[in-house]
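Structural overview for review
Each chain is listed here by its residues.
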Amino acid sequence: MLVIAMVTSQERQRANLNRMKEIMKEIESTTNDSDLIAELNELLRKQYPLSLKWHLVMFKSEIDRSLGYLEDIRKEEVKVVGGRQKQRKEPKGGLKRVYYKSSEIPGAFKLDYSIVYDAETNQYKWLKCSTPRNTRAKVFTIPISMIGSGKLQWSEEIKQKWGEDSIGQRESVERAINN
């Protein structure tokens, strides 16, 4: 007997988001990632009506940023395999823990810093990562943290990076009024 199960859009969305989370974790642990990246990009093209539009914009932005880091990491991996790795030289004064402009960071060390929002000074700054950014581990930390139960959400990690979610809160109020 053939049983056909109807899948709702909510269940499909939840499954797609969970699959994206799995793919991102797999990419962090393997160097053979071309097919996984293609599948991730395909899932990003799908509709996610339960998520706020602003959260989807930020999620896609963070995925793009993570994929950019991943591309830099892949280049480093190729250099290591090729045996042509250059020695990184620290500047004479040493590296700072915090930079306020990305142009101040020496080029060889840019992957070791990530941008964060400082609520006290109300500005963005580049902070030295505890995990070097030239490893695949934790490349997708922020996008993974945004995947909630069936929809995208503003996570603690993204609050640390971008501050409070005033645009998302406004969008939620507008949705409540319109529905």
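Residues numbered from 1 in each chain as written. Predicted model: local features only at pLDDT ≥ 70, side-chain atom pairs only at ≥ 80, totals over all residues. Heavy atoms only, no water.

**A few points about the pairing of strand 2 (residues 113-118)**
- Across six bridges, the pairing between strand 2 and strand 3 (residues 123-128) is antiparallel. The residue of strand 3 that forms the bridge with Ser 114 is Leu 127.
- What sits between the antiparallel neighbours strand 2 and strand 3 is a turn of four residues, in which Asn 122 has the positive phi angle 60 degrees. (Pairing = 2+ DSSP bridges. Helix = DSSP H or I, 4+ residues; strand = E, 2+ residues; numbered from the N terminus.)

**As for the sheet that holds strand 1 (residues 98-99)**
- Read from one edge to the other, the open sheet built from three strands follows the order 1-3-2, with strand pairing classed as antiparallel. Only two strands of the sheet have a single partner each, and these edge strands are strand 1 and strand 2.

**Some remarks on the packing of aromatic side chains**
- In total, this model carries three aromatic pairs according to the counting rule given.
- Judged by centre distance (5.5 Å) and plane angle (65 degrees), the ring pair of Tyr 124 and Trp 162 falls under edge-to-face. With Tyr 124 in strand 3 and Trp 162 in helix 5 (residues 156-162), this pair connects stretches of sequence that are 38 residues apart.
- Trp 162 sits in the partly exposed class, given a relative accessible area of 29%.
- Aromatic rings pair up to connect Tyr 117, Tyr 124 and Trp 162 into one cluster. (Phe/Tyr/Trp six-rings, centres within 6.5 Å; stacked < 30°, edge-to-face > 60°. Buried < 20%, exposed > 50% of the residue type's maximum accessible area, 1.4 Å probe, protein only.)

**What to know about the packing of helix 1 (residues 9-29) against helix 2 (residues 34-44)**
- For the pair helix 1 and helix 2, interaxial distance at closest approach is 10 Å and the crossing angle is 155 degrees. Put simply, helix 1 runs roughly antiparallel to helix 2. Like other packed secondary-structure pairs, helix 1 and helix 2 cross with a definite hand, here left-handed. Note on element contacts: helix 2 touches helix 1 through Leu 36, Ile 37, Glu 39, Leu 40, Leu 43 and Leu 44, opposite Asn 16, Arg 19, Met 20, Ile 23, Met 24, Glu 26 and Ile 27.
- A class-by-class count of the residues in the contact of helix 1 with helix 2 yields nine nonpolar, one polar and three charged. (Axes fitted to C-alpha atoms, helices over the stretch in contact; angles between N-to-C directions. Parallel < 35°, antiparallel > 145°, perpendicular 65-115°, else oblique. Left-handed = near helix turned anticlockwise from the far one by under 90°. Contact = heavy atoms within 4.5 Å. Nonpolar A, V, L, I, M, F, W, Y, C, P; charged D, E, K, R; others polar.)

**A few points about helix 2**
- Among the residues of helix 2, those classed as buried are Leu 36, Ile 37, Leu 40, Leu 43 and Leu 44. Here the buried residues of helix 2 occupy an arc of 120 degrees about the axis, which is enough to place them on one side. (Arc of directions from axis to C-beta.)

**Looking at the environment of Glu 22**
- On the secondary structure map, Glu 22 appears in helix 1.
- Under the relative-accessibility criterion, Glu 22 is labelled partly exposed at 42%.
- When the C-alpha positions of Glu 22 and Ile 144 are compared, they lie 9.0 Å apart, and in sequence the two are 122 residues distant.

**Some details on the pattern of salt bridges**
- This structure, assessed with the given rule, holds nine salt bridges.
- The shortest N-O distance in the salt bridge between Glu 22 and Arg 19 comes to 3.2 Å. Placement of both Glu 22 and Arg 19 in helix 1 is noted, with a separation of three residues, approximately one turn of the helix.
- Here Arg 19 falls in the partly exposed class, since its relative accessible area comes to 24%.
- Glu 71 is the partner of Arg 74 in a salt bridge, and the nearest nitrogen-oxygen pair spans 3.3 Å. Here Arg 74 pairs with Glu 71, and both are found in helix 3 (residues 53-82), just three residues apart, close to one helical turn.
- Judged by its relative accessible area of 22%, Arg 74 falls in the partly exposed class. (Salt bridge = Lys/Arg side-chain N within 4 Å of Asp/Glu carboxyl O.)

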